[in-house]
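Here is how the chains run, residue by residue.
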Amino acid sequence: IEPWFIVCSGKDEMRMKSDLCAVGAEFRLYGEFVIGVPFGTGHINDTYAVTYDQGGTFNRYIFQRVNTRVFRNPEALMENFVRVTSHIAGKIRRERAADPRCRRRTLEVAPSRSGDPFWRDPEGNFWRCYVFVENARTYDVLETPELAFAAASAFGGFQADLADLKERLHETIPDFHNTPARLARLEEVVRLDPCGRLREVGPELEFILARRDDCSALLRLRDAGELRELVTHNDTKLNNVLIDDLTGAGCCVIDLDTVMPGLPHYDFGDMVRTGTSPAAEDETDLDKVVMRFPMYEALLRGYLQGAGSFLSPVEKSWLPFSGKLITLEIGIRFLTDYLEGDVYFKVRRPGHNLDRCRTQLKLVASIESQFDAMRRLADTLR
């Protein structure tokens with residue numbers, strides 16, 4: 001057994017083994033179940049790494065119990081999942097890739113015994129299974145420009161692979177990056193002030209409202225036909241791309257639950273939001289929050305290497321703005337949740353969501369202070 005396993009003990013271990021063995025029996029897997037353990041750091045779905053002895057060779061799979069409180073139409077989610085992975089797998093086969101089963105560039109879904117890409121257990125839990133991608137790992141902290149480049153290139157390549165997917169995907173979370181709708185919700189909560197917290201957030205609210213026109217900028221361009229709706233990942237954190245252990249290159253984009261129609265700028269913007277500041281998302285010392293230009297440059301170069309071939313000059317020109325917009329949008333969401341009483345994001349201390357909001361807004365200010373240089377760099381790389 002390899003050292004990445006999280007060890008359970010006693011009755012918990014036996015029960016987990018029994019439960020996961022029963023889940024595995026509902027999928028088209030062969031061989032003998034060996035062990036299954038909790039895996040990863042995700043907060044939405046329950047994820048397990050499961051090992052099977054297949055004729056003396058030990059192979060691993062990922063089992064996931066999908067959180068149907070968050071994803072209320074899991075069948076549509078899995079339809080997206082299969083369409084996306086199958087489309088990329090088809091491209092790899094046509095390119096005569098060395099690995100015809102496509103285990104390194106896209107996830108490979110294992111069907112259930114009924115042929116569906118999922119199984120519902122007797123309690124109504126929604127399960128899926130896919131092949132474990134070996135010799136690659138995720139990272140939680142973006143420490144070097146080289147890692148930023150690798151991750152951004154993988155996300156850009158993911159978008160490029162799906163740019164010619166014809167039929168529109170399902171929206172697994174409607175209006176997920178509709179910034180004007182997020183602002184409208186904030187204004188409604190401000191009007192109601194359900195928890196009496198409005199008096200605490202005057203500077204934050206003023207900062208956001210001063211940027212009202214920014215909130216609808218990309219959607220106005222979309223409606224005018226200057227930006228295209230494509231397939232986007234919508235959660236481009238560093239730990240949603242696997243980095244090859246040997247080469248250091250991004251090899252496979254994971255966590256596909258939020259893959260749906262969107263603007264490419266949403267994905268690049270979230271990379272800037274999550275990857276350019278050295279501070280934690282809930283940092284209280286705002287002096288630590290700054291957009292590191294070398295990280296931005298690495299993200300931009302990597303993303304354009306992966307995605308540049310299908311982006312128009314206008315689409316490329318709006319990439320610098322997208323980092324500001326998505327960071328502002330997340331700040332709006334944190335502030336809204338604080339005013340509502342912390343009903344969406346999990347909190348660990350009083351004022352946690354307000355701290356998160358302030359961190360996002362400080363990053364917006366840092367982006368704005370460097371925006372001319374960001375735009376000049378983008379212009380030189382078109």
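Every residue gets a number counted from 1 within its own chain, in the order that chain's sequence is written. Local features in a predicted model are, by the rule used here, given only for residues with pLDDT of at least 70; side-chain atom pairs are given and counted only at 80 or more, and totals for whole chains, interfaces and linings are based on all residues. Values shown for side chains rest on all heavy atoms present in the structure; no hydrogens or waters enter the calculation.

Draft legend 1. Here's a closer look at the sheet that holds strand E8 (residues 241-244). Taken in spatial order, the three strands of this open sheet run E6-E8-E9, and their pairing is antiparallel. The two strands at the open ends of the sheet, each matched to only one other strand, are strand E6 (136-137) and strand E9 (250-253). Two strands qualify as a pair provided that DSSP identifies no fewer than 2 bridges between them. Under the scheme used here, helices are H or I runs from DSSP no shorter than 4 residues and strands are E runs no shorter than 2 residues, and both carry numbers assigned from the N terminus. Relative to E8, E6 is paired through two bridges, and the arrangement is antiparallel. When the bridges of E8 are listed, Ala136 appears paired with Asp244.

Draft legend 2. Structural detail: the pattern of salt bridges. Between Lys or Arg on one side and Asp or Glu on the other, a salt bridge is scored when a side-chain nitrogen of the former is within 4 Å of a carboxyl oxygen of the latter. Summed over the entire model, instances satisfying the criterion amount to 28 salt bridges. A salt bridge links Arg65 to Asp46; its shortest N-O distance comes to 3.0 Å. Pair noted here: Arg65 is in strand E3 (residues 57-66) and Asp46 is in strand E2 (residues 46-54), with a separation of 19 residues, a long-range link. Burial classes follow relative accessibility: with a 1.4 Å probe on protein chains only, a residue under 20% of its type's maximum area counts as buried, one over 50% as exposed, and anything between as partly exposed. A residue is classified by how much of its surface remains accessible, and Asp46, at 35% relative accessible area, is partly exposed. For Asp372, the salt bridge identified is with Arg375, shortest N-O distance 3.3 Å. Here Asp372 and its partner Arg375 are both found in helix H13 (residues 371-381), three residues apart, which amounts to about one turn of the helix. According to the relative accessible area criterion, Asp372 is partly exposed, its value standing at 46%. Judged by relative accessible area, which is 39%, Arg375 ranks as partly exposed. Through salt bridges with shared partners, one network takes in Arg211, Asp214, Lys324 and Glu368.

Draft legend 3. Examining the packing of helix H5 (residues 202-209) against helix H11 (residues 319-340) more closely. Look at H5 against H11: their axes get within 11 Å of each other, and the N-to-C directions meet at 140°. Here H5 and H11 pass one another in a crossing that is left-handed. Across the interface between the two elements, Glu204, Leu205 and Ile208 from H5 touch Leu328, Ile332 and Leu335 from H11. Working convention: axes come from line fits to C-alpha atoms, limited for helices to the stretch in contact. Angles between N-to-C directions cover 0 to 180 degrees. Crossing chirality is assigned from the near helix's rotation relative to the far helix, an anticlockwise turn below a right angle marking it left-handed and a clockwise turn marking it right-handed. Residues count as neighbours in contact if any of their non-hydrogen atoms are within 4.5 Å of one another.

Draft legend 4. Main features of the side chain of Thr179. Secondary-structure assignment places Thr179 in helix H4 (residues 179-192). Once you skip the residues sitting within four places of it in the chain, Thr179 turns out to touch Cys215, Leu325, Glu329 and Ile332.

Draft legend 5. Representation of empty space enclosed by the protein in the model. Using protein atoms alone on a 1 Å grid, points that fit a 1.4 Å probe yet trap it form a cavity, whereas open point sets bounded by protein on both sides within 12 Å along at least five of seven lines form a pocket; residues with an atom within 4 Å of a point count as lining. Grid points are joined across faces, edges and corners, and a volume is the space filled by probe spheres set on the points. Under the definition given, this model contains one cavity of 30 Å³ or more. Taken as a whole, the largest cavity holds about 30 Å³ of empty space. In this structure, the largest cavity is lined by Ile88, Arg105, Thr106, Leu107, Phe158, Val253 and Leu256. Basically, the charged four are Asp, Glu, Lys and Arg, the nonpolar ten are Ala, Val, Leu, Ile, Met, Phe, Trp, Tyr, Cys and Pro, and anything else, Gly included, counts as polar. Residue composition of the lining of the largest cavity, by class: five nonpolar, one polar and one charged.

Draft legend 6. The sheet that holds E3, seen in detail. Taken in spatial order, the five strands of this open sheet run E1-E2-E3-E5-E4, and their pairing is antiparallel. Only two strands of the sheet have a single neighbouring strand rather than two, namely strand E1 (32-38) and strand E4 (119-120). Taken strand by strand, helix H2 (residues 74-94) contacts E4 and strand E5 (126-131), and its axis lies near 15° from that of E5.

Draft legend 7. Geometry of H11. Multiplying one less than the number of residues by 1.5 Å gives the expected span of a helix. With 22 residues, H11 extends 32 Å between its outermost C-alpha atoms, agreeing within 8% with the 32 Å of an ideal straight helix rising 1.5 Å per residue. Most of H11 is tucked away: 21 of the 22 residues are buried. Of the residues flanking the end of H11, it is Gly341, one or two places downstream, whose phi is positive at about 105°.

Draft legend 8. Here's a closer look at the environment of Leu107. Tracing the backbone shows Leu107 in the loop between H2 and E4. On the basis of relative accessible area, Leu107 is assigned to the buried category, the value being 4%. When the C-alpha positions of Leu107 and Met78 are compared, they lie 13 Å apart, and in sequence the two are 29 residues distant. With residues up to four places along the chain from it excluded, the contact list for Leu107 reads Phe81, Thr85, Tyr130, Val133, Cys252, Val253, Ile254 and Leu256.

Draft legend 9. Structural context of unusual backbone geometry. Unlike most non-glycine residues, Asp175 shows phi in positive territory, near 60°. In this fold, Asp175 is placed in the loop between helix H3 (145-162) and H4. Given a relative accessible area of 45%, Asp175 falls into the partly exposed group. Despite not being glycine, Asn234 shows a phi value in the positive range, around 75°. In this fold, Asn234 is placed in the loop between strand E7 (230-232) and E8.

Draft legend 10. The confidence of the model for the protein chain, seen in detail. Values of pLDDT, the confidence the predictor places in each residue, fall between 0 and 100. The predicted model of the protein chain has a mean per-residue pLDDT of 91, with 93% of residues at 70 or higher. Taken as a whole, residues 1-11 scores under 50 in pLDDT and shows 17 contacts with residues more than four places along the chain or in a different chain.

Draft legend 11. Fine view of the nonpolar core. By nonpolar core is meant a set of buried Ala, Val, Leu, Ile, Met, Phe, Trp, Tyr and Cys residues that side-chain atoms within 4.5 Å join together. Counting 96 residues, the largest nonpolar core has Leu186, Phe268, Tyr296, Tyr303 and Leu335 as its most contacted members. Not counting the four nearest positions on each side in its chain, Phe268 is found in contact with Tyr296, Leu299, Leu300, Tyr303, Leu319 and Ser322. Judged by nonpolar contacts, the second largest core, of 15 residues, contains Tyr61, Phe63, Cys129 and Val131.

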